[in-house]
Structures are given as structure tokens and as C-alpha cells.
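What follows is the residue order along each chain.
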Amino acid sequence: MPEGHTLHRLARLHQRRFAGAPVAVSSPQGRFGPEAAMVDGRVLRRTSVWGKHLFHHYAGGPIVHVHLGLYGAFTEWPHPPLPDAVGQVRMRMVGADYGTDLRGPTVCEVIDEARVSDVVAKLGPDPLRNDADPSWAWARIAKSRRPIGALVMDQTVMAGVGNVYRSELLFRHRIDPFRPGRGIGAAEFDAAWADLVALMKVGLRRGKIVVVRPEHDHGPPSYLPDRPRTYVYRRAGEPCRVCSTTISTSVLEGRNVFWCSNCQR
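Rules and cut-offs
- Residues numbered from 1 in each chain as written.
- Predicted model: local features only at pLDDT ≥ 70, side-chain atom pairs only at ≥ 80, totals over all residues.
- Heavy atoms only, no water.
- Buried < 20%, exposed > 50% of the residue type's maximum accessible area, 1.4 Å probe, protein only.
- Helix = DSSP H or I, 4+ residues; strand = E, 2+ residues; numbered from the N terminus.
- Arc of directions from axis to C-beta.
- Contact = heavy atoms within 4.5 Å.
- Pairing = 2+ DSSP bridges.
- Domains from an automatic or database assignment.
- Buried area = accessible area lost by both parts, 1.4 Å probe.
- Salt bridge = Lys/Arg side-chain N within 4 Å of Asp/Glu carboxyl O.
- Polar contact = N/O pair within 3.5 Å; in protein donor to acceptor, adjacent residues only side chain to side chain.
- Nonpolar A, V, L, I, M, F, W, Y, C, P; charged D, E, K, R; others polar.

Draft legend 1. Expanded view of helix 3 (residues 113–121). Listed as buried for helix 3 are V116, V119 and V120. Looking down the long axis of helix 3, one finds its buried residues gathered within 95 degrees of arc, a one-sided arrangement. Turning to helix 3, the residues buried within the fold contact strand 2 (44–50), strand 3 (53–58), strand 4 (63–67) and strand 8 (107–111).

Right, here's the structure in full:
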């Protein structure tokens, strides 16, 4: 599932490509047909993001709400010409110079401002938003018996954090992912939050997650050829880049978590 910085990059891209002019919106697949007709030909005023939720705000009030989920993705192409829709295209947007096709989202719907407020009300602070209030997340974490590794991934506690940032952030701050939230100190949380904001801003700027400090950026390659190195994520059974201890993995509330048992005591 894409992490929060990916959605913020998409919002910026769609703002540049489509905002300020009428957009042709359709649903080649048909599932989004009636909703597409509600915004087709309207001016896209702006885009916004909270966590992993993307919003397209159109003139006159309707808002397209997209959550990519595990399989959703946008593909972009220059326009003209207008290519044939390939596969199950849920939503197609066509502007003056570019078009984009959305396939496989968990959510693609037209809502109003009240519904946006309902969505946002269920989410924790987004580290990439200027209005993020980390004290709200800290209040939830400080009184919870749940493992911090689960809390960091809980979108109602922190919005936009996925498995890569979760595993890497806890390693960088030497925090065992199974430590209860109430066992995290305020200073630890403040340092981790500030680091998370900085890391996600790098991801937003560069379009990829970069978490390994320069002094540790050597040794075994990344888990995929086109990805930067990680400390622990998807490195189970390999040596820690800092202490050489074998990286561990386990399932935590339905998701794999990775950690170093020596560095994260």
C-alpha cells in the first residue's frame, strides 16, 4: 500500500496538471460512471491529502475522494492523443495537456465537504501537513497498552505511516516495536515525530523512501533493485547494518514487522 508521501506527490502532480481548468472525467470501466458525470467538465479548484486519502475539489462543491488501498494506482500520459483505456480503468481524467487513469482503488467516490470532515475526523495527524498536531497522537500513544509498532501504523493515531516508515523509524530510535505505547517517553516521541516529518519530507521531495544514514549506507543491497537501502524492512535473516545481529521479523496485528533485537531493546 502506498505510504503518505506518495499521495502528497500525486496531489501536487494533479494540481500542476489539471487544476484551474475544466477536466473531462469518465469511467471506462463503468463502475464510477454516474459519479464521473457529476464532475465531468468542471474546473478542478485544488487537491488535498490527509494521510492516505486524496481529494480532488471541483468548482461547485463536489469532491472526488480516492483511497488507493493495496492495488490502486494512477498512470499518466500526455494528451493528445487520447489512448484507448487498457484494463479496468475506474476513473479517467483528461486535461489540456495530460491525462491520467486510475485503476484498482479501494475507494473512488464523489462526496461533499461534510463527508470529507467525517473522513478526516477518523484520522490522526498527517506528518506532511502543516496543520499536523502531534500532541493528539501522543495523547493516544501515552495511555495505550498496544505495541508501539501497531500504534504507529494505526491511521487513527498517525495518518499516512506505512510499514516501511514504521519499521525504519523505530529502528532509527532504538525502540522495540513490541514495547507498549505507554512505555514510550515524551522525549522519545518528540524525537521520533520530528524524524518522521523529516524523513517523509525527503520521500515527498525525492519520490522514494530514504532512511539509512550515510555512515550506514553500505553492505548488502536493498530488498529490491530500484529501492534505497533499509535498516530492517524486508531484511529478515540478514545482518544488521549497525551491529551485525540477524534481523528479526514477526506478525504484529496482521502485518509483518522487522527489527534488530540488539539495537532495539
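Draft legend 2. Structural view of the pairing of strand 9 (residues 247–252). As paired strands, strand 9 and strand 10 (residues 255–260) are joined by six bridges and run antiparallel to one another. Counted as the bridge partner of S250 is V257 from strand 10. Connecting strand 9 to the antiparallel partner strand 10 that follows it, the hairpin turn spans two residues, and E253 within it adopts a positive phi of roughly 50 degrees.

Draft legend 3. Just the domain arrangement of the protein, in detail. Here the protein is described as being made up of domain 1 (4–122) and domain 2 (134–260). For domain 1 and domain 2, the distance between their C-alpha centroids amounts to 30 Å. Domain 1 puts nine residues into the contact, and the matching count from domain 2 is 15 residues. Among the residues domain 1 hides against domain 2, the three largest losses belong to H5, R9 and K52. Together they make up 58% of the total. Joining domain 1 to domain 2, the criterion identifies zero salt bridges. Put simply, domain 1 and domain 2 have three residue pairs in polar contact (both at pLDDT 80 or more) between them. Here the side of domain 1 that touches domain 2 gets five residues from one element, more than from any other, and that element is helix 1 (residues 4–18). Considered class by class, the residues forming the side of domain 1 that touches domain 2 number one nonpolar, four polar and four charged.

Draft legend 4. Local environment of the side chain of H216. In this fold, H216 is placed in the loop between helix 7 (186–206) and strand 9. A distance of 2.7 Å separates a polar atom in the side chain of H216 from a polar atom in the side chain of Y231. If sequence neighbours within four positions are ignored, H216 has contacts with Y231, R241 and V242.

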